[in-house]
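Report on the structure
Each chain, written out:
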Amino acid sequence: MITEPLNPALAAGLHRTAIAIVRAEFPALPKPALAWHPARRAWCVKEVLGHLIETERRGFAGRIRIILASDRPLLESWEQDAVARARDDCARDWGHLFDEFVELRAESVALVTGLQPEDLERGGEHPKVGFLCVADLLHEWVHHDRNHIRQMLANVQAFVWPHMGNAQRFSGE
């Protein structure tokens, strides 16, 4: 079954929803849960949010701005783990991280809402994946958000798992 692509208004609405999901779930957690790593080299919840911030700047809104400013520009890749280490989000305050995300996302929602139909086919060349148009980025952005929100939720599940006692058997894991 083939689905219809998202238009900018729908994509912007889904970007707003991502803020609502993060706002609803994660401030309720105790501080140790936000900084807990489920495995070696796995990101904690705060590091995942930091990654969403960086992808906002570099990967999605950043690339869309570059594409709109030039004709078929070269798009840069970036080393996500190195950026995460440099940001050191695990040591940062959740409220500041969330405020940073909300501010950037508001700017991005305005950018996406202002896209015109002719903007969606504009694109640039990425060194790893080839040609990316604005429409591709809009769809990947929605997918990417949900993937990392799911990762954050999985961290919470792993955090509470050891304390479930025999109730673990209900999960069949």
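Residues numbered from 1 in each chain as written. Predicted model: local features only at pLDDT ≥ 70, side-chain atom pairs only at ≥ 80, totals over all residues. Heavy atoms only, no water.

Remarks on the overall build of the protein
Counting its secondary structure elements, the protein contains 7 helices and 2 strands. Moving toward the C terminus, one meets the helices and strands of the protein in the order α-α-α-α-α-β-β-α-α. Dimensions of the protein along its principal axes, counting C-alpha atoms only, are 60 × 40 × 30 Å. Taking all 173 residues of the protein together, 42% fall into the buried category. Expressed as a percentage of contacts within the protein between residues at least 6 apart in sequence, the contacts between residues at least 24 apart total 74%. When the accessible surface of the protein is summed, it comes to about 9,900 Å², and 55% of that surface belongs to carbon and sulfur atoms. One way to put it: in the protein the 20 positive side-chain charges average out to a point 6 Å from where the 24 negative ones average out. (Helix = DSSP H or I, 4+ residues; strand = E, 2+ residues; numbered from the N terminus. Buried < 20%, exposed > 50% of the residue type's maximum accessible area, 1.4 Å probe, protein only. Contact = heavy atoms within 4.5 Å. Areas by Shrake-Rupley, 256 points an atom, 1.4 Å probe, with all protein chains shown as cover. Lys, Arg positive; Asp, Glu negative; His and termini not counted. Charge placed at Lys NZ, Arg CZ, Asp CG, Glu CD.)

Focus on the side chain of Asp145
Within the secondary structure layout, Asp145 lies in helix H6 (residues 134–160). For Asp145, a relative accessible area of 1% gives the class buried. For Asp145, the residues in contact, after removing those within four places along its chain, are His15, Ala18, Leu52 and Arg105.

Here's the deal with the pattern of salt bridges
Pairs can form between side chains of opposite charge whenever their charged atoms are close. Here the structure, examined in full by the defined rule, presents 12 salt bridges. The shortest N-O distance in the salt bridge between Glu54 and Arg58 comes to 2.6 Å. Placement of both Glu54 and Arg58 in helix H3 (residues 45–69) is noted, with a separation of 4 residues, approximately one turn of the helix. Here Asp145 makes a salt bridge to Arg105, at a shortest N to O gap of 2.8 Å. Of the two residues, Asp145 sits in helix H6 while Arg105 sits in helix H5 (residues 94–113), which places them 40 residues apart along the sequence. Salt bridges here are not isolated pairs; linked through shared partners, they connect Glu54, Arg57, Arg58, Arg87, Asp89, Arg92 and Glu100. (Salt bridge = Lys/Arg side-chain N within 4 Å of Asp/Glu carboxyl O.)

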